[in-house]
Amino acid sequence: FDIKPQKTLRFKMGEITGYILWSIIALIIIALLFYVAKRVLAHYGKSFGDLFKPAPPLPPHEQAFKSLEQLRAERLWQEGKHKEYYSALTDILRTYIDGHFGVGAMEMTSDEIIEAMRGVDLPQKSAMDLTQVLRDADLVKFAKALPEAEENEAAYSAVWDFVEQTKPVEEVADDEDEKR
């Protein structure tokens, strides 16, 4: 037997009224949720546009400290990965110099960085530490030198101290100024 064609039946509103009703209820609930969310955000001085804005970047010294702590947690030089350790250490230092002093350190060699930093007002110890860390890192990365554990810790401490000594000084308001 051949397949019989479908009979043409009249359209009945009762077939879709349930779908229409649930769609209207869902739209009302979504509109109410949107309204409540907008009111809550307005209470805190925000808007929906603020939810999708990226967070402001950290200051260079805070980013450097955070990166240094992550580097210490990775324990690269303890696992014998001296080249990766010094590469990461100098990348942190270069990023900090680039962000804080405006010197394009990421595209410079170590000697160019040292020369560029001579024009910056640095404490003598910081300038010497910077030079020493960059020279030691070049020896490890390019001459395959294997530094001792004390030298690795000293390089880490020197970078930490460099960032600590050159970070911007936060101005603290006196209690008298706040009372006025």
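Here goes a summary of the coordinates provided. (Residues numbered from 1 in each chain as written. Predicted model: local features only at pLDDT ≥ 70, side-chain atom pairs only at ≥ 80, totals over all residues. Heavy atoms only, no water.)

**Brief notes about the overall build of the protein chain**
Scanning the protein chain for helices and strands turns up 8 helices and 0 strands. Mapped from its N terminus to its C terminus, the protein chain presents α and β elements in the order α-α-α-α-α-α-α-α. Rg of the C-alpha trace for the protein chain: 31 Å, well past the compact-globule value of 16 Å for 180 residues, more than 25% over. Reported as C-alpha extents along the three principal axes, the dimensions of the protein chain are approximately 90 × 75 × 30 Å. A burial count over the protein chain gives 24% of its 180 residues as buried. Sequence separation of at least 24 residues holds for 63% of the intrachain contacts in the protein chain that already meet a minimum separation of 6. Summed over all atoms, the accessible surface of the protein chain reaches about 13900 Å², with 58% contributed by carbon and sulfur. (Helix = DSSP H or I, 4+ residues; strand = E, 2+ residues; numbered from the N terminus. Rg over C-alpha atoms; globule rule 2.2 N^0.38 Å. Buried < 20%, exposed > 50% of the residue type's maximum accessible area, 1.4 Å probe, protein only. Contact = heavy atoms within 4.5 Å. Areas by Shrake-Rupley, 256 points an atom, 1.4 Å probe, with all protein chains shown as cover.)

**A look at the packing of helix H3 (residues 60-74) against helix H4 (residues 82-101)**
Helix-helix packing: each pair is described by the crossing angle between the helix axes and the interaxial distance. Closest axis-to-axis distance for the H3/H4 pair is 9 Å, and the angle between their directions is 175°. Considered as vectors, H3 and H4 are oriented roughly antiparallel to each other. The residues of H4 that touch H3, namely those facing Pro-60, His-61, Ala-64, Ser-67, Leu-68 and Leu-71, are Tyr-85, Ala-88, Leu-89, Ile-92, Tyr-96, Gly-99 and His-100. Counted by class, the contact of H3 with H4 contains 9 nonpolar, 4 polar and no charged residues. (Axes fitted to C-alpha atoms, helices over the stretch in contact; angles between N-to-C directions. Parallel < 35°, antiparallel > 145°, perpendicular 65-115°, else oblique. Nonpolar A, V, L, I, M, F, W, Y, C, P; charged D, E, K, R; others polar.)

**Some thoughts on the pattern of salt bridges**
Oppositely charged side chains can form a pair if their charged atoms are brought close together. By the definition in use, this model includes 7 salt bridges. Residue Lys-81 is joined to Glu-79 by a salt bridge in which the shortest nitrogen-to-oxygen separation is 3.8 Å. Accessibility expressed as a relative area gives 53% for Glu-79, which makes it exposed. Note that Lys-125 is salt-bridged to Asp-129, the shortest N-O span being 2.8 Å. Here Lys-125 pairs with Asp-129, and both are found in helix H6 (residues 124-142), just 4 residues apart, close to one helical turn. Overall, Asp-129 belongs to the buried group, its relative accessible area being 18%. (Salt bridge = Lys/Arg side-chain N within 4 Å of Asp/Glu carboxyl O.)

**Here we look at the nonpolar core**
As a rule of thumb, soluble globular proteins bury nonpolar side chains together. Counting residues in hydrophobic clusters, the biggest one holds 30 residues, and the most contacted among them are Tyr-85, Leu-89, Leu-93, Ile-97, Met-117 and Phe-162. Sorting elements by how many residues they give to this core places H4 first, with 7 residues. (Core = buried A, V, L, I, M, F, W, Y, C linked by side-chain atoms within 4.5 Å.)

**Some details on the packing of aromatic side chains**
Here the structure, examined in full by the defined rule, presents 7 aromatic pairs. Aromatic side chains Tyr-85 and Tyr-86 sit 5.4 Å apart centroid to centroid with 90° between the ring planes, which places their arrangement in the edge-to-face category. A relative accessible area of 2% means that Tyr-85 is categorised as buried. Here a set of aromatic residues connected by ring pairs shows up, and it is made of Phe-65, Tyr-156 and Trp-160. (Phe/Tyr/Trp six-rings, centres within 6.5 Å; stacked < 30°, edge-to-face > 60°.)

**Structural notes on the packing of helix H5 (residues 110-117) against H6**
In the contact formed by H5 and H6, the axes pass within 10 Å of each other and the chain directions differ by 175°. Judged on the interaxial angle alone, H6 and H5 are roughly antiparallel. Across the interface between the two elements, Ser-110, Asp-111, Ile-113, Ile-114 and Met-117 from H5 touch Leu-130, Thr-131, Leu-134, Arg-135 and Asp-138 from H6. Each residue belonging to the contact of H5 with H6 can be placed in one class, and the counts come to 5 nonpolar, 2 polar and 3 charged.

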